[in-house]
Amino acid sequence: MKSLTIAVAALIACAGCKQSPKPTATVTVGQLIDRTGSIATPSWSDSIRLAIGTANSALKQSGHAELRFALAEANSGNTPDMSRAGALQLVKKDGARVLITDSSQDDIAVAGLAYDGDPSHDLAVPVVCMACTSTGINNPAAVDADAVKQAAMRNAKGWNFRTTMSDKYQARLLAHMLLSSKGADGHLKLGIYASDDPYGHGFSDSLKANVLSLEPQASIEQVFHDVKAVPADYDWGADVARLTDKRNESTGKTDRAPDAVVVISFPKFEINFTRAWLDSHSKARLIHTHNFRAARVLEVLASAVEGQEGTSQAVLGDGASARVFSDDMKALTGQLPAFRDAAAYDAAMSVMLATVHAVKRNKLEDPSLVTGEMIRDSMRAINDPNGEPVDAGTMGFARAVQLIHQGKSINYQGASGPCDFDEHGDVVAQLARFHVQGGQFADAEKYDCVRDRECPPVHQFGSK
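Residues numbered from 1 in each chain as written. Predicted model: local features only at pLDDT ≥ 70, side-chain atom pairs only at ≥ 80, totals over all residues. Heavy atoms only, no water.

Engineer: Looking at this structure, how should I read the state of the cysteines?
Structural biologist: Every disulfide links exactly two cysteines, by a covalent bond between their sulfur atoms. Evaluated as defined, the whole model comprises two disulfides. The disulfide bridge from C449 ends at C455, spanning 1.7 Å between sulfur atoms. Of note, the bridge from C449 to C455 carries an S-S torsion of about -55° and is left-handed in sense. Owing to a relative accessible area of 0%, C449 belongs among the buried residues under this scheme. Classification of C455 by relative accessible area gives buried; the value is 1%. (Disulfide = S-S within 2.5 Å. Buried < 20%, exposed > 50% of the residue type's maximum accessible area, 1.4 Å probe, protein only.)

Engineer: It is not clear to me how the sheet that holds strand β4 (residues 127-129) should be interpreted in this structure. Could you clarify?
Structural biologist: Through backbone hydrogen bonds, the strands of a sheet pair up, either in parallel or in antiparallel fashion. The sheet built from five strands is open, its strands ordered β2-β1-β3-β4-β5 with parallel pairing. With partners counted over all chains shown, the strands left at the sheet margins are β2 (67-75) and β5 (160-162), one partner each. If you compare each strand with its neighbour and ignore which way they point, the axes differ by 25° on average. Taken strand by strand, helix α3 (residues 80-93) contacts β1 (25-33), β2 and β3 (96-101), and its axis lies near 150° from that of β2. Sheet strands touched by helix α12 (residues 341-361): β1, β2, β3 and β4. Its angle to β2, the strand with the most contacts, is close to 140°. (Pairing = 2+ DSSP bridges. Helix = DSSP H or I, 4+ residues; strand = E, 2+ residues; numbered from the N terminus. Axes fitted to C-alpha atoms, helices over the stretch in contact; angles between N-to-C directions. Contact = heavy atoms within 4.5 Å.)

Engineer: Can you walk me through the packing of aromatic side chains in this structure?
Structural biologist: The description of an aromatic ring pair rests on the distance of the ring centres and on the angle between the ring planes. Summed over the entire model, instances satisfying the criterion amount to eleven aromatic pairs. Note on Y193 and F273: the rings are 4.5 Å apart at their centroids and 20° apart in plane angle, and the pair reads as stacked. Here the residue Y193 occupies a position in strand β6 (residues 189-195), and F273 occupies one in helix α9 (residues 267-280), the gap between them amounting to 80 residues. Just as Y193 is buried, F273 falls in that class too. Seen from their ring centres, Y199 and F203 are 6.4 Å apart, and the 55° between their planes marks the pair as tilted. Here Y199 and its partner F203 are both found in helix α7 (residues 198-214), four residues apart, which amounts to about one turn of the helix. Judged by relative accessible area, which is 0%, F203 ranks as buried. The ring centre of W159 lies 4.2 Å from the NZ or CZ of R376, which sits over that ring. (Phe/Tyr/Trp six-rings, centres within 6.5 Å; stacked < 30°, edge-to-face > 60°. Lys NZ or Arg CZ within 6 Å of the ring centre and 35° of its normal.)

Engineer: When you look at the packing of α12 against helix α14 (residues 393-405) in this model, what are you seeing that I'm missing?
Structural biologist: Each packed pair of helices is defined by two parameters, the angle between the axes and the distance between the axes. Between α12 and α14, whose axes approach to 9 Å, the crossing angle comes to 25°. Relative to α14, the element α12 lies roughly parallel. In this structure, α12 meets α14 at a crossing whose hand is right-handed. Between α12 and α14, the residues in contact are Y345, M349, M352, L353, V356, H357 and K360 and G393, F397, A400, V401, I404 and H405, respectively. Classifying every residue of the contact of α12 with α14 by side-chain character gives nine nonpolar, three polar and one charged. (Parallel < 35°, antiparallel > 145°, perpendicular 65-115°, else oblique. Left-handed = near helix turned anticlockwise from the far one by under 90°. Nonpolar A, V, L, I, M, F, W, Y, C, P; charged D, E, K, R; others polar.)

Engineer: Even after reading the chapter, I still don't get empty space enclosed by the protein, so can you show me in this structure?
Structural biologist: Over the atoms, a rolled probe matching the size of one water molecule traces out where space is still vacant. By the definition in use, this model includes five cavities of 30 Å³ or more. Considering only enclosed or pocket space, the largest cavity measures out at about 100 Å³ in volume. V110, A111, L113, A114, Y115, L123, A124, V125, V127, N155, W159 and N160 together form the lining of the largest cavity. Grouping the constituent residues of the lining of the largest cavity by class yields ten nonpolar, two polar and no charged. (1 Å grid on protein atoms, 1.4 Å probe; cavity = no way out; pocket = protein on both sides within 12 Å on 5 of 7 lines; lining within 4 Å. Points joined across faces, edges and corners; volume = space filled by probe spheres on them.)

Engineer: I tried to follow the side chain of N138 on my own but got confused; where do I start?
Structural biologist: By the secondary structure assignment, N138 is in the loop between β4 and α5 (147-154). You can call N138 buried: its relative accessible area is 4%. A polar contact is formed between the side chain of N138 and the backbone oxygen of H424, at a distance of 3.4 Å. N138 has contacts with M153, N155, N160, F161, R162, H424, G425 and D426, leaving out every residue within four places of it along the chain. (Polar contact = N/O pair within 3.5 Å; in protein donor to acceptor, adjacent residues only side chain to side chain.)

It is worth stressing that arrangement in space is one thing and function is another; only the former is reported here.
Shown next, in the form of structure tokens:
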């Protein structure tokens with residue numbers, strides 16, 4: 001009787017006590033982004049940090065502060081060897097449960113760790129690439145002489161995702177654009193200048209195939225530059241001369257000078273090639289691709305490239321998420337989003353939403369027990385077409401957390417586009433034709449590949 005009295009007294013004394021908060025568990029996001037190489041773009045890291053801060057604020061506001069995210073960083077250098085080493089460091093030493101990386105060659109190198117036969121290299125975490133566009137990536141039919149590379153591109157284990165579009169869409173847009181550049185003989189002579197890596201070869205070959213499907217009589221020349229070239233030492237003028245003379249480097253035959261040249265490379269190389277091109281005074285039409293759309297290109301070349309044109313994925317998608325991200329980025333950095341910033345942000349938001357979903361799906365009382373495999377298996381669950389649309393930003397993330405904990409489906413609307421991962425891990429968004437106007441990159445036209453997978457519709461270029 002005495003013990004019962006004591007127990008009742010204790011309950012009465014604690015009737016007004018607050019429940020002790022759950023301990024906070026931290027899940028680490030690994031950022032493997034180029035800081036010193038040919039695609040180094042500081043705003044990509046800013047975008048990822050913005051996403052991490054947004055998610056943590058949203059978790060706190062929604063009453064789920066038992067989970068928070070931290071960021072661990074490594075430099076990819078835009079080189080496969082550095083990327084592999086950085087990935088192993090981030091996962092094995094820093095405990096990252098997900099990785100965000102950048103270029104095609106880096107993504108393939110990191111993905112290949114799951115297929116190289118060394119158990120100590122198995123990362124067992126999802127990898128989300130925010131800037132890789134190679135047509136070989138996430139392609140079940142990809143072929144490469146290197147068995148590990150081939151397996152990495154085929155992505156049979158499903159670890160690889162990306163928040164930027166495959167070059168196959170951009171290649172199609174370029175092919176239609178080029179139809180207006182036929183020579184006096186009614187045929188097209190096209191020069192393609194590309195980096196000697198999976199990105200350059202994949203895009204170049206896709207462009208060649210698209211052009212020949214529209215103009216079977218076209219003459220196409222492909223010239224590749226060393227991706228390890230030191231820009232200050234490399235003879236860019238010699239490559240321009242090879243592209244603009246009458247000899248076809250691919251066939252070894254002499255035909256005529258090109259009507260147009262398309263450049264497929266990285267910003268550091270694009271700058272030097274474009275300087276040499278301007279010095280050559282070639283009359284051929286020069287068309288750039290997405291990596292030309294880097295802030296550093298205009299910082300270096302300034303008014304010299306006024307009026308030049310190119311194609312890229314759109315800088316931002318449409319709708320509320322794009323506006324929220326743009327405002328938040330401006331508040332954080334003082335600058336509006338640059339090219340690929342939205343894709344970097346969406347990569348981080350996607351893996352964090354997938355983490356929240358994985359914790360709930362697997363009924364984990366301790367979120368720190370979430371595994372890379374659990375997160376991988378939740379990556380597509382955040383884009384349920386029947387789920388409630390949720391936007392970017394703190395309010396959007398908080399609403400997503402609320403819905404997930406209620407057992408309801410969500411459909412994340414990214415800043416770069418829908419971010420709907422298909423069965424291979426790819427997304428589709430918008431393309432743009434841009435030009436340099438008033439010292440800035442400006443979109444001349446945009447094409448919604450989500451609504452129309454032809455992207456762009458053939459009739460827009462006068463083809464039958």
